[in-house]
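# Tertiary structure, described
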Amino acid sequence: MEDNLHVENGENLVIDWRSKEFLKETAKWTKFLAILGFIGIGLMVLGSLVMLFAPSSLMSNGDFPFGGKIFMMLLYLAFAVLYYFPISYLYQFSENTKKAIENNDNNAIRDAFEFLKSHYKFMGILTIILLSYYAIMSFSALTGARPAPMINKELTNRFNTQ
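In this report, we go over the structure that sits alongside the text. As a convention, each chain's residues are numbered from 1 in the sequence order in which they are written. Given that this is a predicted model, residues contribute local features only at a pLDDT of at least 70 and side-chain atom pairs are listed and counted only at 80 or more, while totals for whole chains, interfaces and linings are drawn from all residues. Note: side-chain values were computed over all heavy atoms of the structure, leaving out hydrogens and water.

### Digging into the overall build of the protein
Our working definition: Numbering goes from the N terminus for both helices and strands, where a helix is a DSSP run of H or I of at least four residues and a strand is a run of E of at least two. The classification of residues rests on relative accessible area computed with a 1.4 Å probe and restricted to protein chains. Under 20% of the type maximum is buried, over 50% is exposed, and intermediate values are partly exposed. Every residue pair with non-hydrogen atoms within 4.5 Å of one another is taken to be in contact. Per-residue and other accessible areas were derived by the Shrake-Rupley procedure at a 1.4 Å probe size, with only the shown protein chains allowed to occlude residues.
On a plain count of helices and strands, the protein comes out with 4 helices and 2 strands. Written out in order from the N terminus, the α and β elements of the protein read β-β-α-α-α-α. Looking at the protein as a whole, 22% of its 162 residues are labelled buried. In the protein, the share of contacts with a sequence separation of at least 24, taken over all contacts with a separation of at least 6, comes to 57%. Counting every atom, the protein has about 11,800 Å² of accessible surface; 66% of that belongs to carbon and sulfur.

Next comes the structure, spelled out in structure tokens:
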């Protein structure tokens, strides 16, 4: 049993029963991973609230801008927001793939692959950004460059001990 899916340039794409089974299984696993991702996002938001209401003595380090508590809360929230998009794309891929297979829906499979493309594009851009950051930090470490707050703290300590 084969299904022909119409492709815009006039060609047909044939998805046989084995390919459908592979897509169905992939949809199940991506849904599982997306649900775990949403749970992780919930834990990050919960962690940000814990950071906000943590005792002040735990976050009294003067190295954090805006005070440690608010900085850590905002950092956790920023990562939760950043993490939401690829997880949402993965979940939408799963749902649309399931719908496409059950209903032989060309639009749903197209939407599913568009969400999968968006997921990998987001992850690729994020990987490039992180690798660039790591390269800059490695270069800084090798050349002995340090962030300004550390230098200011060191200078303050030198003048206070004299």
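### Some thoughts on the packing of aromatic side chains
Two aromatic rings are characterised by how far apart their centres lie and by the angle between their planes. Convention followed: Within 6.5 Å between ring centres, the rings of Phe, Tyr and Trp (the latter by its six-membered ring) count as paired, and their orientation is classed by plane angle as stacked under 30 degrees, edge-to-face over 60, tilted in between.
Using the criterion set out here, one finds 8 aromatic pairs in the structure. Measuring from ring centre to ring centre gives 6.2 Å for Phe38 and Tyr84, while their planes differ by 45°; the resulting arrangement is tilted. You can see Phe38 sitting in helix H1 (residues 17-53) and its partner Tyr84 sitting in helix H2 (residues 68-103), a full 46 residues away along the chain. Taking relative accessible area as the criterion, Tyr84 reaches 39% and is therefore assigned partly exposed.

### Examining unusual backbone geometry
For Asn104, which is not glycine, the phi torsion reads 50° and is therefore positive. Residue position: Asn104 is located in the loop between H2 and helix H3 (106-143). Its relative accessible area of 42% is what places Asn104 among the partly exposed residues.

### Re the side chain of Ser94
Counting through the fold element by element, Ser94 comes out in helix H2. Aside from chain neighbours lying at most four places away, what touches Ser94 is Ala27, Thr30 and Lys31.

### Considering the pattern of salt bridges
Quick reminder of the rule: Every case where a carboxyl oxygen of Asp or Glu lies within 4 Å of a side-chain nitrogen of Lys or Arg is listed as a salt bridge.
Summed over the entire model, instances satisfying the criterion amount to 3 salt bridges. Among the ionic pairs, Lys31 bridges to Glu95, the shortest N-O distance being 3.0 Å. Of this pair, Lys31 sits in helix H1 while Glu95 is found in helix H2, placing the two residues 64 residues apart along the sequence. Overall, the relative accessible area of 26% leaves Lys31 in the partly exposed class. Judged by relative accessible area, which is 25%, Glu95 ranks as partly exposed.

### Some thoughts on the side chain of Ser48
With respect to the element layout, Ser48 can be found in helix H1. If sequence neighbours within four positions are ignored, Ser48 has contacts with Met73, Tyr76 and Leu77.

### So, the environment of Ala54
Tracing the backbone shows Ala54 in the loop between H1 and H2. Judged by its relative accessible area of 11%, Ala54 falls in the buried class. The sequence separation of Ala54 and Lys69 amounts to 15 residues, and the corresponding C-alpha distance is 7.5 Å.

### Structural notes on H3
Filter applied, for reference: One less than the number of residues in a helix, times 1.5 Å, gives the span that helix is expected to have.
Between its terminal C-alpha atoms H3 stretches 55 Å, which fits the 56 Å expected from 38 residues at 1.5 Å a residue. The complete set of buried residues in H3 reads Ala108, Ile109, Ala112, Leu116, Ser118, His119 and Ser140. Positive phi shows up at Gly144, right after H3, with a value of about 85°.

### Brief notes about H1
Its 37 residues give H1 an end-to-end C-alpha distance of 54 Å, which sits within 8% of 54 Å, the value for a rise of 1.5 Å per residue. Buried residues of H1: Lys20, Leu23, Ala27, Thr30, Ala34, Gly37, Ile41, Gly47, Ser48 and Met51, and no others.

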